[in-house]
Amino acid sequence: QVQLVESGGGLVQAGGSLRLSCAASGRIFSINAMVWYRQAPGKQRELVAHITSGGITNYADSVKGRFTISRDNAKNTVYLQMNSLKPEDTGVYYCNYGGYVMGYWGQGTQVTVSS
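Anyway, here's the lowdown on the structure attached to this text.

What counts, and where the lines are drawn
Residues numbered from 1 in each chain as written. Predicted model: local features only at pLDDT ≥ 70, side-chain atom pairs only at ≥ 80, totals over all residues. Heavy atoms only, no water. Phe/Tyr/Trp six-rings, centres within 6.5 Å; stacked < 30°, edge-to-face > 60°. Helix = DSSP H or I, 4+ residues; strand = E, 2+ residues; numbered from the N terminus. Buried < 20%, exposed > 50% of the residue type's maximum accessible area, 1.4 Å probe, protein only. Core = buried A, V, L, I, M, F, W, Y, C linked by side-chain atoms within 4.5 Å. Contact = heavy atoms within 4.5 Å.

1. Considering the packing of aromatic side chains
Link 1 in the chain: The tally for this structure, following the rule as stated, stands at five aromatic pairs.
Link 2 in the chain: Arranged with centres 5.3 Å apart and planes meeting at 65°, the rings of Y37 and Y100 form a pair that is edge-to-face. Of this pair, Y37 sits in strand 4 (residues 34–39) while Y100 sits in the loop between strand 9 (91–97) and strand 10 (104–105), placing them 63 residues apart in sequence.
Link 3 in the chain: Look at Y37 and you get buried, because its relative accessible area is 10%.
Link 4 in the chain: On the accessibility criterion, Y100 (45% relative accessible area) is partly exposed.
Link 5 in the chain: Look at Y97 and Y104: their rings are 6.4 Å apart centre to centre, the planes differ by 35°, and that puts the pair in the tilted class.
Link 6 in the chain: A relative accessible area of 3% places Y97 in the buried class.

Below you can see the structure in the form of structure tokens.
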């Protein structure tokens, strides 16, 4: 069993920054990829950023150059640094461990970017 707890969301003006955290409890965090997803109202959940156990990263085109995913295996935590935020970044952000269908999800953290 793995528990994921996201934090760091909030309300920010366009152009601002937020740093999200996802703290994982469990025994195998360090050997799995971690993924950030987001879901805007009325839209499907979409992948935002992905990091492998070895630290290789991948991003959605819409956030490349603005968002940075990182992980601290010693703290069982994955981060999402979000800069130059846009209103279209608004949504609930979730971290995922173990895959979209069979994996574990956190409760999500709301990010709202005002114009």
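2. A short note on the nonpolar core
Link 1 in the chain: Core analysis: the largest hydrophobic core is formed by 26 residues, its most contacted members being W36, L80, M82 and Y93.
Link 2 in the chain: Listing elements by their share of this core, those giving two or more residues are strand 3 (18–25), strand 4, strand 5 (46–51), strand 7 (67–72), strand 8 (77–82), strand 9 and strand 11 (109–114).
Link 3 in the chain: Ranked by residues supplied to this core, first place goes to strand 3 with four residues.
Link 4 in the chain: Once you skip the residues sitting within four places of it in the chain, Y93 turns out to touch E6, L20, W36, Y37, R38, V48, F67, L80, M82, G108, T109 and V111.

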